[in-house]
Amino acid sequence: MLAYQHAYHAGNFADVHKHLGLFHLLEALTRKSSAISFVDTHAGRGRYPLAATETQKLAEYREGVERLWRRRQALAAEPALGAWLARLATLQSGPALECYPGSPWWLGDALRPQDRLTLYELHPGEHQHLDTQMTTSTNAQRLHADGLKGLCQRLPVPTPRLCALIDPSYERKEEYREVVDTLVQVVRKVRHAVVMIWYPLLPAGRHLTLLEGLREAHIPKLWRSEITLREANAERGMYGSGLVLLNPPWQLDQTLDHAFDTLAPLLAERAVHHGEWWTAER
Ligand code: SAM
């Protein structure tokens with residue numbers, strides 16, 4: 001089943017949570033010069049023009065990135081959000097917010113000559129968009145293939161460090177379990193791998209399969225963050241957004257706690273953030 005298209009949701013509150021976290025993760029990782037293999041297992045398109053018919057249909061970005069964009073002058077000096085908004089501005093042709101970048105863009109933007117980037121996208125149409133929207137560079141490749149299998153097949157990587165983003169569409173409930181199994185394999189082969197996993201908070205509560213599975217697998221050093229917009233309500237769908245980080249760089253948990261505590265009330269009046277160590281160091 002490959003019905004999901006991220007263009008319908010581009011720039012929503014969950015994208016802001018995920019990409020702000022990714023931005024700070026990339027900042028922390030690229031402070032050291034040693035090379036990193038970046039893998040984006042579920043890449044999507046790369047860039048989303050907000051005027052596109054699909055994006056305008058639900059216009060979820062209005063309750064997400066647009067809320068921050070409108071306040072960007074006031075937020076410019078805020079360390080957690082100002083630098084992220086400044087990077088976002090580099091993609092716009094003027095003062096209006098016209099385009100929202102997906103994870104391939106955020107990763108590509110941070111890429112240094114010594115790093116490598118592999119983008120997996122299985123949907124043929126989405127992969128074609130990715131092909132036309134991302135500029136080619138010698139150390140980046142786009143693969144039309146399954147991202148979780150592809151990540152496992154690449155291990156161990158040829159660079160000293162590995163950083164993966166796992167961001168499935170969770171169209172199949174089995175995907176929660178597949179993410180756990182993938183992380184088990186990653187940790188077995190690359191103990192110090194840094195991995196960011198995104199998951200939705202939906203009334204069915206399937207994300208608990210993922211979170212409890214990670215604990216039962218005894219994977220150490222997992223930090224998690226959840227932004228909850230409202231109470232779970234079967235009629236209103238996704239009520240929050242979650243991130244799990246394996247082996248976050250030193251003090252990134254504190255940076256992200258501050259960033260997301262600042263972000264949550266800007267997204268919705270009653271939104272709250274909760275960050276905690278999900279599993280401890282072994
Ligand atoms: N990571 C993107 C971002 O942050 O901008 C959004 C990704 S979207 C949530 C999930 C994407 O995964 C969709 O484009 C979907 O077509 C793709 N996909 C679904 N199953 C996949 C698989 N097994 N391997 C790779 N890509 C897959």
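Bear in mind the structure is a predicted one, so any value in this text is a computation, not a measurement. (Residues numbered from 1 in each chain as written. Predicted model: local features only at pLDDT ≥ 70, side-chain atom pairs only at ≥ 80, totals over all residues. Heavy atoms only, no water.)

A.B. asks: Looking at this structure, I do not really get unusual backbone geometry. What am I missing?
C.D. replies: The bulk of non-glycine residues show a negative phi, and the bulk of peptide bonds are trans. Cis geometry is adopted by the peptide bond preceding Pro156, which originates at Leu155 and carries an omega value of -5°. Mapped onto the fold, Pro156 is located in the loop between helix H8 (147–153) and strand E6 (161–166). Not every positive phi belongs to a glycine, and Ala59 is a case in point at roughly 45°. With respect to the helices and strands, the residue Ala59 is situated in the loop between helix H2 (53–58) and helix H3 (65–69). Classification of Ala59 by relative accessible area gives buried; the value is 11%. The residue Lys221 is not glycine, and still its phi comes out positive at about 60°. By the element assignment, Lys221 lies in the loop between helix H10 (207–216) and strand E8 (222–228). (Helix = DSSP H or I, 4+ residues; strand = E, 2+ residues; numbered from the N terminus. Buried < 20%, exposed > 50% of the residue type's maximum accessible area, 1.4 Å probe, protein only.)

A.B. asks: Explain the site of the ligand here, please?
C.D. replies: In the neighbourhood of the ligand, 20 residues make up the surrounding shell, with His19, His42, Ser103, Glu121 and Asp167 lying closest. In the environment of the ligand, a nitrogen atom lies 3.2 Å from a nitrogen or oxygen atom belonging to the backbone of Leu122. A distance of 2.9 Å separates a nitrogen atom of the ligand from a polar atom in the backbone of Gly147. Calculation on the ligand without its partners gives an accessible area of 600 Å², and the protein chains cover 97% of this total. Among the residues making up the shell around the ligand, the classes are represented as six nonpolar, ten polar and four charged. (Near = heavy atom within 4 Å. Polar contact = N/O pair within 3.5 Å; in protein donor to acceptor, adjacent residues only side chain to side chain. Areas by Shrake-Rupley, 256 points an atom, 1.4 Å probe, with all protein chains shown as cover. Nonpolar A, V, L, I, M, F, W, Y, C, P; charged D, E, K, R; others polar.)

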